[in-house]
There are 2 protein chains.
Amino acid sequence: MPDTETSLIGSSRGNSLDEVFQAANPVNGETLPTIYASASEAETDRAVELAQQANPILQALSGAEKAKFLRQVADNVDAIVEDLVAIVPTETGLPEPRVRGETGRTSGQLRMFADLVEEGSWVDARIDHAIPDRQPIPKPDLRSMLRPVGPVAVFCASNFPLAFSVAGGDTASALAAGCPVIVKAHHAHPGTALAVARAVASAVETCGLPEGTFSLLFGGGRTIGQRLVSHPALKAVGFTGSRSGGRALSDLAAARSEPIPVFAEMSSVNPIFLLPSALADGVEEIAQGLHQSATLGVGQFCTNPGIVFYQQGSSGDAFRSHYAQLMTESPTAPMLHSGIRDAYRNGVSTFSQLSEVETLAALSDSQEGLGCHVGSAVFEASAENFLSNDALSDEIFGPCTLLVACSDTVQMQEIARQLEGQLTASVFGNEDELEQADDLVAILETKSGRLLFNQFPTGVEVCPSIVHGGPYPATSDGRSTSVGTGAILRFARPVCYQGFPEDRLPDELKDSNPLAIRRVIDGSSS
Amino acid sequence: MPDTETSLIGSSRGNSLDEVFQAANPVNGETLPTIYASASEAETDRAVELAQQANPILQALSGAEKAKFLRQVADNVDAIVEDLVAIVPTETGLPEPRVRGETGRTSGQLRMFADLVEEGSWVDARIDHAIPDRQPIPKPDLRSMLRPVGPVAVFCASNFPLAFSVAGGDTASALAAGCPVIVKAHHAHPGTALAVARAVASAVETCGLPEGTFSLLFGGGRTIGQRLVSHPALKAVGFTGSRSGGRALSDLAAARSEPIPVFAEMSSVNPIFLLPSALADGVEEIAQGLHQSATLGVGQFCTNPGIVFYQQGSSGDAFRSHYAQLMTESPTAPMLHSGIRDAYRNGVSTFSQLSEVETLAALSDSQEGLGCHVGSAVFEASAENFLSNDALSDEIFGPCTLLVACSDTVQMQEIARQLEGQLTASVFGNEDELEQADDLVAILETKSGRLLFNQFPTGVEVCPSIVHGGPYPATSDGRSTSVGTGAILRFARPVCYQGFPEDRLPDELKDSNPLAIRRVIDGSSS
């Protein structure tokens, strides 16, 4: 019997072997040899208790100390890139260049947060000096800044096994805020998770931080996640995954005796609106761009463009047939795991059977080949049918596009008003048309976190101004972003200090401003 | 039969008279003459529909336009101060100086938000310029800023009939963010609510804004509130009131098919920790300050200090008896309405009967007099009993204090660790002791929104650095504040614009920076 890998509970390993699982190679469907044991309830509780013990120490770290730790994690992740190139493709089917790119993105995010907390202005420091002789009552001395919320649970995404997983954006932003993190590994890539977790745990040790700073829990089902989110000492949750999974965690967190926030990034069809000039200026360019975006990563990006609204006419017809041809000619490719593949096939099958929907491209299961290989699919529906059947706006996660022919821009507005919340919404056309589409853009603004003009939504830039969020069900909290420096705000809360002597205040709030950060003092920026 | 007043549904009045109610004067218990009709379900729905229609127009307002409107509301509120002086005391028992003071605070808050949005930097504008020749892929142009969340429901507080009610902090911050507001009046002060609502509605008309910008709903029970929070077009909720009421709304909002955020400010015992020197330096000063804070507004402040932890010894004994005497000698005074009075009496009665608790001061109901008059109460419990009985940390809303004698600072830490979330936590002592109490302060930081040193928590300064919030159950979202400029962040969400031409961007995000606001450009502040 091969070795069994267990969870990392702080600096120890789990020892329960009650429930075990193995991953499979999605390229050929073969079961991978390593056996992983799910964390027991006691191991899960122990991870949270260690996090709770680590909390006051992390809470007291300076920005410079947190930066040092985050850079050590980044260095450790970069150092195992060759291991990752060996492991990740076997568990996910992702090609080597993607693994190298995503490793760089992961360490890059960690360093971005290191820079952010080292510079320090992110804490939104505000100082209002006392006015002892104010009438009718004296004004007290008040100073506030953002502080960490406490232990955070992070649920790994299957579609970004590195950048949205063990040392991904949620973990990096929570650690940057000063929160201990307990990661629940995705069951489809446990080897990847373990390799990265060791890199994080090693950085914890190198930097002399308490072991409870970081734990990794394995689990085959939802039990461990529920136990984790229910623990009284847990204070917030980051999640990337399905709508049903995210909603289940949100409901659980809201029903706790002390409810806690869940930042779940879940479901988005990322609508694209093609104004007439977009197609008049070049059907092929749009069709090719869309094809590239819709099939990128086998359609498994959160920002995959799932529904395209265009205007009826000869250009529309040409676009429709050109796009269907490109998607028909796309080679089959492996999805990340059998769960995603099955959900995709079910979605495509359901759409194929709807009388309101015309199938322009779709392979049968038997044509799709080994393991988790699937083909691309294109469907078409009329605007009227789209408006009258909510099921047509459901996300089919994978390389699938629904085309909807609209009569005019007014009908596009009507459709936009009916959409659920989205991560992104894109408008294509010339600048004159964009000006005339102000109403459409204003509606889309209320529905999405990122608005794009003449660009496809896949490819999420990691930078201060990115918003990877959006109204429900795109996320469970539309006031947040899970990518970019703004992601740290999910794991911080303002605390005000009233009447504290200078030497008992955090450095960020001292009059002498030893960290030289940006602050608002007596109502003015300085 | 006297006239019946109905809800303000935009610029119309409600007409359903199915359910009516009257307020009572808490000073003498007499029913007041005016009859108010609860909004019907149809009227409630109509108010939200009007808000939804107003939404795109408010969404498009500039900061200057919103400022003009908020200042008009402020002027209109100031203009009715003599009416308020006539109405408010009959519905609340609050004295005239308090009504004048709270009117000024209300208009002051409106003007503070006017200044904030006119200046404009609150939107957290971030710009990342394109790098078209970046390798391996071009960097797109990305710009983000905060935008309004959509229609907001505000539930009036009974304890601040002006500053946390119809045109109070929740309404002011939601309007400032650009959100239409539907206010649910508190049933105890409908006349006050109507007077202020007319002032708001008049400003809506003067400024030429859509009628759905503001509505006021009357309702005697919870039905209207539930209907309001369940409406699909509603996007956020502000609430100040009881723990059970706030939790019911939060649960309802979380269970919606599209969950929405609820910012409920609910329950806090605002613990006070007296380090030895605080009493050694003067028992009388502390006792008098505490007495003033605990009886202010008949103990009906959210920040009322409900539990005081002190250290055993001769100073502690002297403090205990001096404080009990001050509270015993306090005159009876009317609480705001019979619901609050009954809850107070029940709380005091429950504590009186607990074997773990000693009653140092408490009047019987029959001694308390007319209407909603009540007396002050003081209880004492040992630290051991406090630690072993959760019921002892329950809030008794009113002029009631629980004293808890601790053996030392280590026991104070143990107690602090066990506390629920609080709006405030205060530490008294000299600076040397504060330095030694770093661990206690670090624990209290994780439990409260505002930490005070040598100051009592009542009196919430309205300014940029105030935090009137805290972990559950102090609020339902410990990452928020309901007082100060930060309150606007509850009703805003970030939106990113990718690849938009300069003239289609909001002014806040144009390269030319026509509003001259503070921004983060390519990672640097400017």
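How each quantity is defined
Residues numbered from 1 in each chain as written. Chains lettered and ligands numbered in written order. Predicted model: local features only at pLDDT ≥ 70, side-chain atom pairs only at ≥ 80, totals over all residues. Pairing = 2+ DSSP bridges. Helix = DSSP H or I, 4+ residues; strand = E, 2+ residues; numbered from the N terminus. Contact = placed C-beta atoms within 7 Å. Nonpolar A, V, L, I, M, F, W, Y, C, P; charged D, E, K, R; others polar. Axes fitted to C-alpha atoms, helices over the stretch in contact; angles between N-to-C directions. Parallel < 35°, antiparallel > 145°, perpendicular 65-115°, else oblique. Left-handed = near helix turned anticlockwise from the far one by under 90°. pLDDT = per-residue confidence, 0-100. Least-squares fit on C-alpha atoms with pLDDT ≥ 70 in both. Expected span 1.5 Å × (residues − 1). Buried ≥ 20, exposed ≤ 12 C-beta atoms within 10 Å, placed from the backbone. Arc of directions from axis to C-beta.

S.K.: Before we go on, may I ask you to explain the sheet that holds strand S7 (residues 142-148) of chain B in this structure?
M.R.: Strand pairing in a sheet relies on backbone hydrogen bonds. The paired strands run either parallel or antiparallel. Reading across the sheet, the 12 strands line up as S16(A)-S18(A)-S19(A)-S14(A)-S13(A)-S20(A)-S21(A)-S22(B)-S7(B)-S6(B)-S23(B)-S24(B) and stay open at both edges, with mixed pairing between neighbours. Looking along the sheet, the strands with just one partner apiece sit at the ends: strand S16 (357-361) of chain A together with strand S24 (524-525) of chain B. Note that strand S6 (residues 126-128) of chain B and strand S23 (residues 520-521) of chain B share 2 bridges and pair parallel. Bridge pairing in S23(B) places Ile127(B) opposite Ile521(B).

S.K.: Hey, could you run me through the interface of chain B and chain A in this one?
M.R.: Many analyses report the size of an interface as the accessible area lost when the parts associate. On the chain A side, the residues contacting the 59 residues of chain B number 59 residues. At the level of elements, helix H1 (41-59), S6, S7, helix H8 (243-255), helix H15 (431-436), helix H16 (438-447), strand S21 (448-453) and strand S22 (492-498) of chain B are the ones that each hand at least two residues to the side of chain B that touches chain A. Sort the elements by how many residues they give to the side of chain B that touches chain A and S22(B) lands first, with 6 residues. Of the residues that constitute the side of chain B that touches chain A, the class distribution is 25 nonpolar, 19 polar and 15 charged. As defined by bridge partners, strand S22 (residues 492-498) of chain A adjoins S21(B) across 3 bridges and the pair is classed as parallel. In the strand pairing of S21(B), Tyr497(A) is matched with Leu451(B).

S.K.: Looking at this model, I keep getting lost on the packing of helix H2 (residues 63-79) of chain B against helix H6 (residues 190-206) of chain B. Mind explaining?
M.R.: When two helices pack together, their arrangement is given by the angle between their axes and by how far apart the axes lie. Residue and element names in this part refer to chain B. Orientation of H2 relative to H6, taken along the N-to-C sense of each, is 140°, at an axis distance of 8 Å. What the angle tells us is that H2 and H6 run oblique. As H2 packs across H6, the resulting crossing turns out to be right-handed. Of the residues in H6, those in contact with Phe-69, Gln-72, Val-73, Asn-76 and Val-77 of H2 are Val-196, Ala-199, Val-200, Ser-202, Ala-203 and Thr-206. Broken down by class, the residue content of the contact of H2 with H6 amounts to 7 nonpolar, 4 polar and no charged.

S.K.: Looking at this model, I keep getting lost on the confidence of the model for chain A. Mind explaining?
M.R.: Segments scoring low in pLDDT should not have their predicted coordinates read at a detailed level. Taken as a whole, chain A shows an average pLDDT of 96; of its residues, 100% reach a score of 70 or greater. As a predicted assembly, this complex carries a pTM of 0.97 together with an ipTM value of 0.97.

S.K.: I keep staring at the relation of the copies chain B and chain A and nothing clicks. Help me out?
M.R.: One copy of the chain maps onto the other through a rotation about an axis plus a displacement along that axis. Taken as rigid bodies, chain B and chain A are interconverted by a rotation of 180° and an axial shift of 0.0 Å, the fit giving an RMSD of 0.0 Å. Such a turn and shift between the copies fits a two-fold axis. Among all residues of chain B, the one whose C-alpha sits closest to the rotation axis is Ala254(B), at a distance of 3.3 Å. In this assembly, 100% of the residues forming the interface of chain B have copies in chain A that are likewise at the interface, indicating an isologous arrangement.

S.K.: How should the sheet that holds strand S4 (residues 20-21) of chain B be read in this particular structure?
M.R.: Read across the sheet, 3 strands follow the order S1-S5-S4 (chain B) without closing on themselves; strand pairing throughout is mixed. One side of each edge strand has no neighbouring strand; the edge strands of this open sheet are strand S1 (4-5) and S4 of chain B.

S.K.: I tried to follow the packing of helix H3 (residues 81-92) of chain B against helix H4 (residues 96-119) of chain B on my own but got confused; where do I start?
M.R.: Residue and element names in this part refer to chain B. Relative to each other, H3 and H4 sit at 130°, their axes nearing to 9 Å. As far as their axial angle goes, H4 and H3 are oblique. Pair H3 / H4 crosses with right-handed handedness. Judged by residue contacts, Val-81, Leu-84, Val-85, Val-88 and Pro-89 of H3 engage Glu-96, Val-99, Arg-100 and Thr-103 from H4. A per-class count over the contact of H3 with H4 returns 6 nonpolar, 1 polar and 2 charged.

S.K.: What exactly am I supposed to notice about helix H12 (residues 338-353) of chain A here?
M.R.: One turn of an α-helix holds 3.6 residues; hence residues three or four places apart share an orientation. Residue and element names in this part refer to chain A. With 16 residues, H12 should cover 22 Å at 1.5 Å per step; its first-to-last C-alpha distance of 22 Å lies within 8% of that length. Among all positions in H12, only Ile-340, Arg-341, Tyr-344, Arg-345, Val-348 and Phe-351 are buried. Buried positions in H12, seen along its axis, are confined to an arc of 130° and lie on one side of it. Pointing more than 90 degrees away from the buried face of H12 are the exposed residues Asn-346 and Gln-353. Next to the buried residues of H12 lie S16, strand S17 (373-374), strand S18 (377-382) and strand S19 (400-406).

S.K.: Hey, could you run me through H3(B) in this one?
M.R.: Residues and elements named next belong to chain B. In this model H3 runs 16 Å from its N-terminal to its C-terminal C-alpha over 12 residues, within 8% of the 16 Å that 1.5 Å per residue would give. Among the residues of H3, Leu-84, Ile-87, Val-88, Glu-91 and Thr-92 are the ones counted as buried. The buried residues of H3 occupy an angular sector of 105° when the element is viewed end-on, so they sit on one face. Against the buried residues of H3 lie H4 and H6. Immediately beyond the C-terminal end of H3, within one or two residues, lies Gly-93, with a positive phi of roughly 75°.

S.K.: Explain the environment of Ser524(A) to me, please; I cannot follow it from the model alone.
M.R.: Relative to the elements of secondary structure, Ser524(A) occurs in strand S24 (residues 524-525). Classification of Ser524(A) by C-beta neighbours within 10 Å gives exposed; the count is 9.

S.K.: Is there a simple way to explain unusual backbone geometry in this structure?
M.R.: Among all residues except glycine, the phi angle is most often negative; among peptide bonds, the trans geometry is most common. All names here are of chain A. Cis geometry marks the peptide bond from Gln-135 to Pro-136, where omega comes out at 0°. One can find Pro-136 in the loop between strand S6 (126-128) and strand S7 (142-148). Here Tyr-472 and Pro-473 are connected by a cis peptide whose omega angle stands at 5°. Checked against the element boundaries, Pro-473 lands in the loop between strand S21 (448-453) and S22. Positive phi values are uncommon outside glycine, yet Asn-270 reaches one of about 45°. Note that Asn-270 resides in the loop between strand S12 (262-265) and strand S13 (272-274). Judged by the 28 C-beta atoms lying within 10 Å of it, Asn-270 is buried. Look at Ala-516: it is not a glycine, yet its phi comes out positive at around 55°.

S.K.: What am I meant to see in the pairing of S22(B) here?
M.R.: Across a regular strand the side chains alternate sides, sitting on one face of the sheet and then on the other. Burial analysis of S22(B) places 7 of its 7 residues in the buried class, which makes it a mostly covered element. Burial along S22(B) is two-sided: the residues Ala492(B), Pro494(B), Cys496(B) and Gln498(B) and Arg493(B), Val495(B) and Tyr497(B) are all buried.

S.K.: Whenever I open this one, the environment of Leu403(B) confuses me. Can you help?
M.R.: All names here are of chain B. Structurally, the position occupied by Leu-403 is in strand S19 (residues 400-406). The sequence separation of Leu-403 and Ser-382 amounts to 21 residues, and the corresponding C-alpha distance is 8.4 Å. Every residue in contact with Leu-403, bar those within four places of it in the chain, is listed here: Val-308, Tyr-310, Arg-320, Val-378 and Glu-380.

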